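# Descriptive structure summary
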Amino acid sequence: ITGGRVTSYVQRTSWEDQRDTGVFTPYLGAVYDLGLHWSTYASYTQIFNPQSSRDVQGRRLDPESGSNMELGLKGSFHEGRLNVAAAVFETRKDDMAVVDGRLLTPEGDQAYRAEDGVKARGIELEVSGQLAPGWQVATGFTHVLIRGKDGRLLNTGYIPKQMFKLFTTWRPGSALPGLTLGGGLTAQTAVFESDSSSYPDAVLAQYRQGGRVVWNLMARYQVNRNFDVSVNLANGGDKRYRTQIMQHNIGAPRNLTVGLRYRI
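The present account deals with the structure reproduced in this document.

Scoring rules and cut-offs
Residues numbered from 1 in each chain as written. Predicted model: local features only at pLDDT ≥ 70, side-chain atom pairs only at ≥ 80, totals over all residues. Heavy atoms only, no water. Helix = DSSP H or I, 4+ residues; strand = E, 2+ residues; numbered from the N terminus. Buried < 20%, exposed > 50% of the residue type's maximum accessible area, 1.4 Å probe, protein only. Contact = heavy atoms within 4.5 Å. Areas by Shrake-Rupley, 256 points an atom, 1.4 Å probe, with all protein chains shown as cover. Phe/Tyr/Trp six-rings, centres within 6.5 Å; stacked < 30°, edge-to-face > 60°. Pairing = 2+ DSSP bridges. Core = buried A, V, L, I, M, F, W, Y, C linked by side-chain atoms within 4.5 Å. Salt bridge = Lys/Arg side-chain N within 4 Å of Asp/Glu carboxyl O.

### Quick notes on the overall build of the chain
On a plain count of helices and strands, the chain comes out with one helix and 19 strands. Per-residue burial over the chain gives 33% buried out of 264 residues. Within the chain, counting contacts between residues at least 6 apart in sequence, those at least 24 apart form 52% of the total. On the chain, roughly 15,900 Å² of surface is accessible, and the fraction owed to carbon and sulfur atoms is 57%.

Encoded structure:
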């Protein structure tokens with residue numbers, strides 16, 4: 001399997017322009033069938049990611065560059081009704097944005113520095129399928145460690161070491177035709193800014209956030225082939241958390257959405 005992407009972009013401000021043209025990002029992969037149920041795969045891709053973080057002088061950091069390698073095993077059973085997957089991966093990056101201690105940009109925002117030689121290594125586990133007629137489940141677990149070129153542990157403030165996801169839907173079938181009930185949760189461990197150790201103890205707690213669990217519920221009723229009604233409850237536990245440690249951007253509180261959809 002092979003492919004690629006060509007990227008051209010321009011970012012403009014009142015005092016600087018940043019651009020790249022015709023940057024090619026290749027992808028290579030291979031899949032090998034081990035038998036009726038199992039297959040193994042390997043993939044390699046390069047990374048090119050423009051970013052908006054700025055350094056202490058207010059200059060936008062250069063795009064992230066690097067590579068990602070992955071090796072995995074997949075299984076499919078019961079005519080595709082049960083699927084499992086396991087993978088190990090390594091990502092290498094240069095110019096990765098890392099918090100620059102307590103330094104600020106000229107505009108007063110948090111300053112970042114470009115970190116070269118960053119390595120992220122981890123594992124991913126997934127299980128999905130039909131546990132019973134009308135009952136679908138998908139679950140996954142990720143463990144990742146990010147280290148700088150000197151071997152110290154890094155954390156960008158939004159990538160946890162461990163994350164677990166679970167989603168499920170159930171259709172009663174003939175008992176209540178057209179009805180689908182579902183729910184899901186996301187659980188993750190604590191996140192922190194890698195350079196927050198340079199802060200006083202009184203400030204340190206502001207830049208660490210403990211683990212959290214956020215759960216959602218949904219119900220959908222298919223009135224006919226063209227029209228359905230849905231109700232979604234997001235953040236059912238009304239968990240209060242920041243989306244990024246160094247910024248006080250709060251995740252959406254508990255909210256209820258009702259939707260009507262008509263398709264011609």
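### Let's talk about the packing of aromatic side chains
Any aromatic ring pair is given by two values, namely how distant the centres are and how the planes are angled relative to each other. Tallied over the full model, the rule gives two aromatic pairs. With a centroid separation of 6.1 Å and 55 degrees between ring planes, the pair formed by Tyr9 and Phe48 is classed as tilted. Here Phe48 lies in strand E3 (residues 38-49) and Tyr9 lies in strand E1 (residues 2-12), a separation of 39 residues in the sequence. Taking the relative accessible area as the measure of exposure, Phe48 reaches 15% and is therefore buried. Arranged with centres 5.3 Å apart and planes meeting at 75 degrees, the rings of Trp38 and Phe77 form a pair that is edge-to-face. On the criterion of sequence distance, the pair formed by Trp38 in strand E3 and Phe77 in strand E4 (residues 64-77) is long-range, its members being 39 residues apart. Take Trp38: its relative accessible area is 36%, and that puts it in the partly exposed class.

### Here's the deal with the side chain of Ser53
With respect to the helices, strands and loops of the structure, Ser53 is situated in the loop between E3 and E4. For Ser53, a relative accessible area of 18% puts it in the buried group. Those residues in contact with Ser53 that lie beyond four places of it in its chain are Arg59, Arg60, Leu61, Ala97 and Tyr112.

### Some remarks on the environment of Phe167
If you trace the backbone, Phe167 turns up in strand E11 (residues 162-170). Linking Phe167 and Leu185, residues 18 residues apart in sequence, is a C-alpha distance of 6.6 Å. The residues touching Phe167, leaving out its near neighbours within four places in the chain, are Gln136, Val137, Ala138, Gly183, Gly184 and Thr186.

### Here we look at the environment of Asn49
As for its placement among the helices and strands, Asn49 is situated in strand E3. Taking relative accessible area as the criterion, Asn49 reaches 34% and is therefore assigned partly exposed. Sequence spacing of Asn49 and Gly66 is 17 residues, and the spatial spacing of their C-alpha atoms is 9.3 Å.

### Quick notes on unusual backbone geometry
Its identity as a non-glycine residue notwithstanding, Asp95 has a phi of 60 degrees, on the positive side. Relative to the helices and strands, Asp95 is located in the loop between strand E5 (82-94) and strand E6 (96-104). Even without glycine at this site, Asp238 takes up a positive phi of about 55 degrees. You can see Asp238 is positioned in the loop between strand E16 (227-234) and strand E17 (242-244). Residue class for Asp238 comes out partly exposed when judged on its relative accessible area of 37%.

### Brief notes about the pairing of E4
Strand direction decides the pairing type here: E3 and E4, joined by 12 bridges, are antiparallel. Bridge assignment links Phe48 to a residue of E4, and that residue is Ser65. Note: E4 against E5, 13 bridges, orientation antiparallel. Each bridged residue has a counterpart across the sheet, and for Ser67 the counterpart in E5 is Arg92. Between E4 and E5, which pair antiparallel in sequence order, lie four residues; one of them, His78, sits at a positive phi of approximately 55 degrees.

### Points about the nonpolar core
Counting eight residues, the largest nonpolar core consists of Phe89, Met96, Val98, Val118, Ala120, Val144, Ile146 and Leu154. When residues of this core are traced back to their parent elements, those giving at least two are E6, strand E8 (118-132) and strand E9 (135-147).

### Quick look at the pairing of E9
Two elements, E8 and E9, share 13 bridges in a ladder whose sense is antiparallel. The partner of Leu125 across the bridge, within E9, is Phe141. From the end of E8 to the start of E9, which pair antiparallel, there are two residues, and Gly134 there has a positive phi angle of about 85 degrees. By the bridge criterion, nine bridges tie E9 to E11 in an arrangement that is antiparallel.

### Side note on the pattern of salt bridges
Summed over the entire model, instances satisfying the criterion amount to seven salt bridges. When the shortest N-O distance is used, the salt bridge between Arg59 and Asp55 registers 3.1 Å. We classify Asp55 as buried; its relative accessible area is 13%. The residue Arg261 makes a salt bridge to Asp228 at a minimum N-O spacing of 3.1 Å.

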